[in-house]
Amino acid sequence: MNIVMISPGYPVEMAYFTRGLAAVGATVIGVGDQPPSALPEPARNALAHYEQVNLSDEGAVLTVLHGLGQHASIDQVECLWEPYMILAARIRESFGLPGMTVEQTLPFRDKERMKQKIDTAGIRTPRHASATTVAAVWEAAEQVGYPLIVKPIAGAGSADTYRVDSTEELAEVLPMLRHVPEVSVEEFIDGEEFTYDTVCANGSILFENIMWYRPRPLQMKSHEWISPVSIVLRDLSVPDLQGGRQMGGEVLPALGFRTGFTHMEWYRKADGDAVFGEIGARPPGARAVDLMNYATDGDLFVAWAEAVAHGSLSHPLERKFNCGVVFKRARGVGRITHIEGLDKLLAEYGEHVVLVDLLPIGTPRRDWRATLISDGMIIVRHPELQPVIEMTERIASDVHMYAS
Ligand SMILES: Nc1ncnc2c1ncn2[C@@H]1O[C@H](COP(=O)(O)OP(=O)(O)OP(=O)(O)O)[C@@H](O)[C@H]1O
Ligand SMILES: [Mg+2]
């Protein structure tokens, strides 16, 4: 079976999905922007063939693939990187291959279309309207009411996303959105924020995952002093999570999703109601797949490959741990000079700490606004949730990185 993997080595976790495809017996043909020498090792070793093409030039990609198609059959196209989902769908249509069409992919890329489909299925979304002009934003705000959220219809990483509490604030925010061609205006939903992620095959959920964001992503993104935490939860049977699970089970068929990874976000209001946030036809980023692996002692990269290549998992994945990650942001600008408080907590937590991946002393800081991973991360796990909450809270408050 010959599978084309779009962007097999970028972002870096794609290399592990590429390796997963090869591990389950597929012949993997890579198509990407990177020069072959820049492909991460796991991708390079897994690829039977690689074509470097400008992925934003759809015509060029199709020409290259039709050229390849003269020599080998192309059976399937996979893409787990958001910007090229539509490209992957076009290739499928051009070759008459199974999998998501352009029409099925669009609602995963356009937050307004997405919510319209979800509304039609009777699932609770925030009140919403889209707008392409300043006047339309004012009108949408009028309809939706305050507090509200304004954000790009195709946003990522909370970029250009604002909470707006009044008409005065909206007037202040509008100039900052001038470069965004279309925005979504939404009712602000107060509550806790979770994911609902799956690996599916042929419309069946083979693996499900819920991750709890602490604090909510927009807050993580707004304050540099925050150490963002995400916790993959072991016990999905608790009453508090049923609203989101049930919603996830309804959203997938509403969007006609059948095979692959999904990443949904949902809000749980104080009264317990679940409200839809957004969904991507791809895995969550920021190392969340690694968290799932630590939580199960499994390999979700391979599980995804089994799902898309064979339609089933070779063995079930069992959730054994709650697994939390803390992302750290240094104080100061420049290069990392020292780290405080780490040794004490490592000694205390012992085997529960499964990964420490902080920038080494002397390396330049990363841009915390551009990458959630910031200046590094610490991952902990425990069968019980409370210890993971405590460990992540203390790592967030007591480990300090400094730069100058
Ligand atoms: N209607 C809403 N009510 C409350 N908070 C919201 C709402 N819409 C967005 N937010 C906040 O802004 C964040 C980013 O919004 P959203 O998830 O829609 O965009 P994104 O930039 O695509 O995120 P991602 O990084 O997950 O791709 C959310 O995680 C949430 O904290
Ligand atoms: Mg989001």
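Explanation requested: the coordination of the magnesium ion (ligand 2) in the structure shown.
Ideal geometry at a metal centre gives angles of 109.5 degrees when four donors are arranged tetrahedrally and 90 or 180 degrees when six donors are arranged octahedrally. Bound to the magnesium ion (ligand 2) are the protein donor atoms E265 (OE) and E278 (OE), situated 1.9 to 2.0 Å from the metal. Placement of the pair is E265 in strand β13 (residues 260-268) and E278 in strand β14 (residues 274-280), with a sequence separation of 13 residues. Judged by its relative accessible area of 11%, E265 falls in the buried class.

Sorry if this is basic, but what is going on with the packing of aromatic side chains here?
The geometry of an aromatic ring pair comes down to the distance between the two centres and the angle between the two planes. Across all of its chains, the model carries 9 aromatic pairs by this definition. Ring centres of F108 and F257 lie 5.9 Å apart, and the angle between their planes is 65°; this geometry places the pair in the edge-to-face category. Residue F108 is located in helix α5 (residues 102-109), and its partner F257 is located in the loop between α10 (242-254) and β13; the two are separated by 149 residues in the primary sequence. Of the two residues, F108 and F257, both sit in the buried class.

Could you clarify how one ought to interpret the site of ligand 1 in this entry?
Taken together, 21 residues are adjacent to ligand 1, and K111, S158, E186, E193 and E278 come closest. G155 places a polar main-chain atom, nitrogen or oxygen, 3.0 Å from an oxygen atom of ligand 1. The contact in question runs from an oxygen atom of ligand 1 to an N or O atom on the side chain of E265, over 3.0 Å. Burial of ligand 1 by the protein chains amounts to 93% of its free accessible area of 610 Å². Broken down by secondary-structure element, the contributors of at least two residues to the shell around ligand 1 are β6 (148-152), β8 (183-187), α9 (217-222) and β13. Residue classes in the shell around ligand 1 are distributed as 8 nonpolar, 4 polar and 9 charged.

Can you help me understand the pairing of strand β11 (residues 211-214) in this one?
In the case of a regular strand, side chains alternate between the two sheet surfaces. Two strands pair when backbone bridges link them, and strand β9 (residues 192-201) and β11 are joined in this way by 2 bridges, in the antiparallel orientation. Directly across from E193, in β11, lies its bridge partner Y213. In the sheet, β11 pairs with strand β12 (residues 229-232) via 4 bridges, with the strands oriented antiparallel. In the sheet register, R214 faces β12, and the bridge partner there is V229.

How should I be thinking about helix α1 (residues 14-23) in this particular structure?
One full turn of an α-helix is made of 3.6 residues, so residues set three or four places apart face in the same direction. Residues of α1 that are buried include every one of M14, A15, F17, T18, G20 and L21, and no others. Where α1 ends, the next residue or the one after it, G25, has phi of about 100°, a positive value.

Honestly, helix α7 (residues 134-144) in this entry has me stumped. Any pointers?
Among the residues of α7, V137, A140, A141 and V144 are the ones counted as buried. Buried residues in α7, looked at end-on, bunch into an arc of 100°, giving them a common side. Exposed positions of α7 whose direction lies more than 90 degrees from the buried face are A135, E139, E142 and Q143. Those residues of α7 hidden inside the fold are in contact with β5 (128-131), β6, α8 (167-173) and β8. Positive backbone phi, at 90°, marks G145, one or two positions downstream of α7.

Can you help me understand the packing of helix α13 (residues 342-349) against helix α14 (residues 385-398) in this one?
For any two helices packed against each other, the geometry comes down to the angle between their axes and how far apart the axes lie. Between α13 and α14, the shortest axis-to-axis distance is 10 Å and the interhelical angle comes to 165°. Accordingly, the angle class assigned to the pair α13 and α14 is roughly antiparallel. The handedness of the crossing between α13 and α14 comes out as right-handed. Across the interface between the two elements, K344, L345, E348 and Y349 of α13 pack against E390, M391, R394, I395 and D398 of α14. Tallied by class, residues from the contact of α13 with α14 come to 4 nonpolar, no polar and 5 charged.

Hey, could you run me through the side chain of E187 in this one?
Looking at the element boundaries, E187 is found in strand β8. Within the structure, E187 has its side chain in polar contact with the side chain of R124 (distance 3.3 Å). Those residues in contact with E187 that sit more than four places away from it in its chain are R124, T125, P126, R127, V144, P147 and L148.

In this structure, what is going on with the nonpolar core? I would like to understand it.
Note that soluble globular proteins tend to have their nonpolar side chains buried in a common cluster. Counting 44 residues, the largest nonpolar core has V251, F276 and I279 as the members making the most contacts within it. Per element, the largest residue contribution to this core is 4 residues, and it comes from α14. Excluding anything up to four places from it in sequence, I279 contacts F108, M114, V251, L252, L255, T262, H263 and M264.

Definitions and limits used
- Residues numbered from 1 in each chain as written.
- Chains lettered and ligands numbered in written order.
- Predicted model: local features only at pLDDT ≥ 70, side-chain atom pairs only at ≥ 80, totals over all residues.
- Heavy atoms only, no water.
- Donors = N, O, S within 2.8 Å, 3.2 Å for Na, K, Ca; no water.
- Helix = DSSP H or I, 4+ residues; strand = E, 2+ residues; numbered from the N terminus.
- Buried < 20%, exposed > 50% of the residue type's maximum accessible area, 1.4 Å probe, protein only.
- Phe/Tyr/Trp six-rings, centres within 6.5 Å; stacked < 30°, edge-to-face > 60°.
- Near = heavy atom within 4 Å.
- Polar contact = N/O pair within 3.5 Å; in protein donor to acceptor, adjacent residues only side chain to side chain.
- Areas by Shrake-Rupley, 256 points an atom, 1.4 Å probe, with all protein chains shown as cover.
- Nonpolar A, V, L, I, M, F, W, Y, C, P; charged D, E, K, R; others polar.
- Pairing = 2+ DSSP bridges.
- Arc of directions from axis to C-beta.
- Contact = heavy atoms within 4.5 Å.
- Axes fitted to C-alpha atoms, helices over the stretch in contact; angles between N-to-C directions.
- Parallel < 35°, antiparallel > 145°, perpendicular 65-115°, else oblique.
- Left-handed = near helix turned anticlockwise from the far one by under 90°.
- Core = buried A, V, L, I, M, F, W, Y, C linked by side-chain atoms within 4.5 Å.

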